[in-house]
Each structure stands twice: as structure tokens, then as C-alpha cells.
Amino acid sequence: LCLFVTALLALPSLAGAATYYVGQGAGDSDANSCASAQTDAAGSRKATAASAVGCLASGDTLTVKAGTYGGASLQDPNIPNGTAAAWTKFTCQAGVIFRPTTGTHVFSMQQSTRDIRYIEWDGCEFDGVNLVGYGFKVGTGTQDTLMNGPLRLKNSTIRNAANSGMTFGACDACDFTASTVRETGTTSADHGVYFGPMKNSLVQGVLFLNNKSDGLA
């Protein structure tokens, strides 16, 4: 028994990982502290994902409660990288729609000074009907030399983007699964999904509907 307990203690611990909540209940506000936002109750949560991201440390989880979130787009949120043992997670409960009214892309991480690794997005809808860019974008031309990944986007919907629905820059072990990409693009150069240089990556169970050009390019 003592040996068993010692072995458990030697394993990487997730005890320090925290979960922060975003919601639209009465009193949910970006003025609420990060400590408050660890409580899933109206009046305690942050009101926007952009604010809550600032609470995250490596391996933490951001959970967004149901609702339609307008306002500013999620432009270069500084989501910290996770690790192989503890991914940083951006999780949406059923019924979450990001439909910003200002900005270029619905969600984008384009930092050119670091690679982006061990981050998972799960269950979100990214709706670009009010914007002029991509629905979901990770990486830039500059960042192609950095090789992002591993990354995961799953159980999500990307729709109504003026450009391609989604794009990953150079990526190693980047998975896009169980999702839908629909009604994206305005020209023949706009695709449902556009990938930069990729390796060891997976696209599985993705439905492409009524995109301007190729579903996957």
C-alpha cells in the first residue's frame, strides 16, 4: 500500500489546475475577480471570454456557459500553452455562440513570437456573420516557421465567415474532429478549412456545407 501511494504521488499532478467560468447571469461581469470566476454561479463569473482568458495558467480550463456572445472578437487572446500531461482547455457548454460585432476574425491567435501548443477548444460555435475575416484562425505566415501543435478543435461549428471558415498555420499533431463548417467564404479563394504546412494531423467526422469553394484545402 505504501508503495502504491508513493507511485501515485510521483505522477504529474493536476491538483493545481483551476476552472474559470464565463456567463450571462445577473451580476456576471468582467469586473469580477479571477478568484470569483472560479465559482459557477450568477454574479461570480466573468462576462466575456476575453477577460477570463487573463485568469488562465497552463493546464487550466475556461468554461463558457450557454448564450450568444457579441461585442469584440477574440483577437489574439493570450491563452497559455498547456503540457502533454495537462492541456489548457477552452470549453463551451451547449448553446454557446460567439457572434462578435467588432473585429476582423471571430477567434484568432496570431502571435508571431511563440508557438501554440497543447490547447483544446471544445463545443463552441464561431459565427462570423458580422465580420470580414476568418471564423477560427491559429497561426500566421510568420508563425509558419514555428510549427504549432499539438492542438485540438472538436465538437464545434464555424459558420458565416467572409474568408475561409478556419485556418491552421504550420502545425504538428493538430486535430479537427466532429465539427461542422458551413456557409463560409465570398470568393473562390475562400475554403471551408485551409491548412498551412501540416504533419501528423487528423481531420475526422467534419461536415462541410455550402462553402464558397473547397470544403478542405
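Above this note sits the structure.
Structural notes, computed from the coordinates. (Residues numbered from 1 in each chain as written. Predicted model: local features only at pLDDT ≥ 70, side-chain atom pairs only at ≥ 80, totals over all residues. Heavy atoms only, no water.)

### So, the overall build of the protein
For step 1, the next point in the chain: Helix and strand counts for the protein stand at two helices and 20 strands.
For step 2, the next point in the chain: Looking at the protein as a whole, 46% of its 217 residues are labelled buried.
For step 3, the next point in the chain: Taking as baseline every contact in the protein between residues at least 6 positions apart, the subset at least 24 positions apart corresponds to 72%. (Helix = DSSP H or I, 4+ residues; strand = E, 2+ residues; numbered from the N terminus. Buried < 20%, exposed > 50% of the residue type's maximum accessible area, 1.4 Å probe, protein only. Contact = heavy atoms within 4.5 Å.)

### Let's talk about the sheet that holds strand 16 (residues 180–182)
For step 1, the next point in the chain: One open sheet accounts for six strands, arranged 3-6-9-12-16-20; its pairing is parallel. The two strands at the open ends of the sheet, each matched to only one other strand, are strand 3 (67–69) and strand 20 (207–209). Taking each pair of neighbouring strands and ignoring which way they run, the sheet shows an average axis angle of 15°.
For step 2, the next point in the chain: Pairing geometry for strand 12 (residues 157–159) and strand 16, over three bridges, is parallel. By the bridge assignment, Thr157 is partnered in strand 16 with Thr180. (Pairing = 2+ DSSP bridges. Axes fitted to C-alpha atoms, helices over the stretch in contact; angles between N-to-C directions.)

### Notes on the pattern of salt bridges
For step 1, the next point in the chain: Throughout the structure, instances matching the rule amount to nine salt bridges.
For step 2, the next point in the chain: Notably, a salt bridge pairs Lys154 with Glu120, separated by 3.5 Å at the nearest N-O pair. Highlighted residues: Lys154 in strand 11 (residues 151–154) and Glu120 in strand 8 (residues 119–122), separated in sequence by 34 residues.
For step 3, the next point in the chain: Residue class for Lys154 comes out partly exposed when judged on its relative accessible area of 25%. (Salt bridge = Lys/Arg side-chain N within 4 Å of Asp/Glu carboxyl O.)

### Comments concerning the state of the cysteines
For step 1, the next point in the chain: Tallied over the entire structure, the rule returns three disulfides.
For step 2, the next point in the chain: What pairs with Cys34 in a disulfide is Cys55, and their sulfur atoms sit 2.1 Å apart. Its torsion about the S-S bond being -80°, the disulfide of Cys34 and Cys55 is classed as left-handed. Of this pair, Cys34 sits in the loop between strand 1 (19–22) and helix 2 (49–53) while Cys55 sits in the loop between helix 2 and strand 2 (61–64); the two residues are 21 residues apart in sequence, bridging distant segments of the chain.
For step 3, the next point in the chain: By relative accessible area, Cys55 is classed as buried at 10%. (Disulfide = S-S within 2.5 Å.)

### Things to note about the sheet that holds strand 10 (residues 136–138)
The strands that make up a sheet pair up through hydrogen bonds in the backbone, lying either parallel or antiparallel.
For step 1, the next point in the chain: Across the sheet, which stays open at both edges, the five strands sit in the order 4-7-10-13-17 with parallel pairing between neighbours. With partners counted over all chains shown, the strands left at the sheet margins are strand 4 (72–75) and strand 17 (193–195), one partner each. Averaged over all adjacent pairs, the angle separating strand axes in this sheet is 25°, with direction ignored.
For step 2, the next point in the chain: Alignment of strand 13 (residues 166–168) against strand 17, held across three bridges, turns out to be parallel. Following the sheet pairing, Thr167 is matched in strand 17 by Tyr194.

### Let's talk about the side chain of His105
For step 1, the next point in the chain: One can find His105 in strand 7 (residues 102–109).
For step 2, the next point in the chain: Excluding its chain neighbours within four sequence positions, the residues that come into contact with His105 are Ser73, Leu74, Gln75, Gln110, Leu131, Gly133, Tyr134 and Lys137.

### Some details on the packing of aromatic side chains
For step 1, the next point in the chain: Counted under the stated rule, the structure contains 12 aromatic pairs.
For step 2, the next point in the chain: Ring geometry for Phe90 versus Phe98: centroids 6.0 Å apart, planes at 55°, classification tilted.
For step 3, the next point in the chain: Residue classification places Phe98 among the buried positions, given a relative accessible area of 5%.
For step 4, the next point in the chain: What links up through ring pairs into an aromatic cluster is the set Tyr69, Phe90, Phe98, Phe107, Trp121, Phe126, Phe136, Phe168 and Phe195.
For step 5, the next point in the chain: Over the ring of Trp87 we find Arg152, and its NZ or CZ is 3.6 Å from the ring centre. (Phe/Tyr/Trp six-rings, centres within 6.5 Å; stacked < 30°, edge-to-face > 60°. Lys NZ or Arg CZ within 6 Å of the ring centre and 35° of its normal.)

### Examining the nonpolar core
For step 1, the next point in the chain: Among the nonpolar cores identified, the biggest contains 41 residues, and Leu62, Phe90, Phe98, Trp121 and Phe136 are the most heavily contacted of them.
For step 2, the next point in the chain: Excluding its chain neighbours within four sequence positions, the residues that come into contact with Phe90 are Ala49, Val53, Leu62, Val64, Leu74, Ile79, Phe98, Phe107, Glu120, Trp121, Asp122 and Cys124. (Core = buried A, V, L, I, M, F, W, Y, C linked by side-chain atoms within 4.5 Å.)

### Notes on the pairing of strand 7
For step 1, the next point in the chain: Two elements, strand 4 and strand 7, share three bridges in a ladder whose sense is parallel. Opposite Leu74, over in strand 7, you have Phe107 as the bridge partner.
For step 2, the next point in the chain: Pairing of strand 7 with strand 10, which is carried by three bridges, proceeds in the parallel orientation. Residue pairing for strand 10: Met109 is matched across the bridge by Val138.

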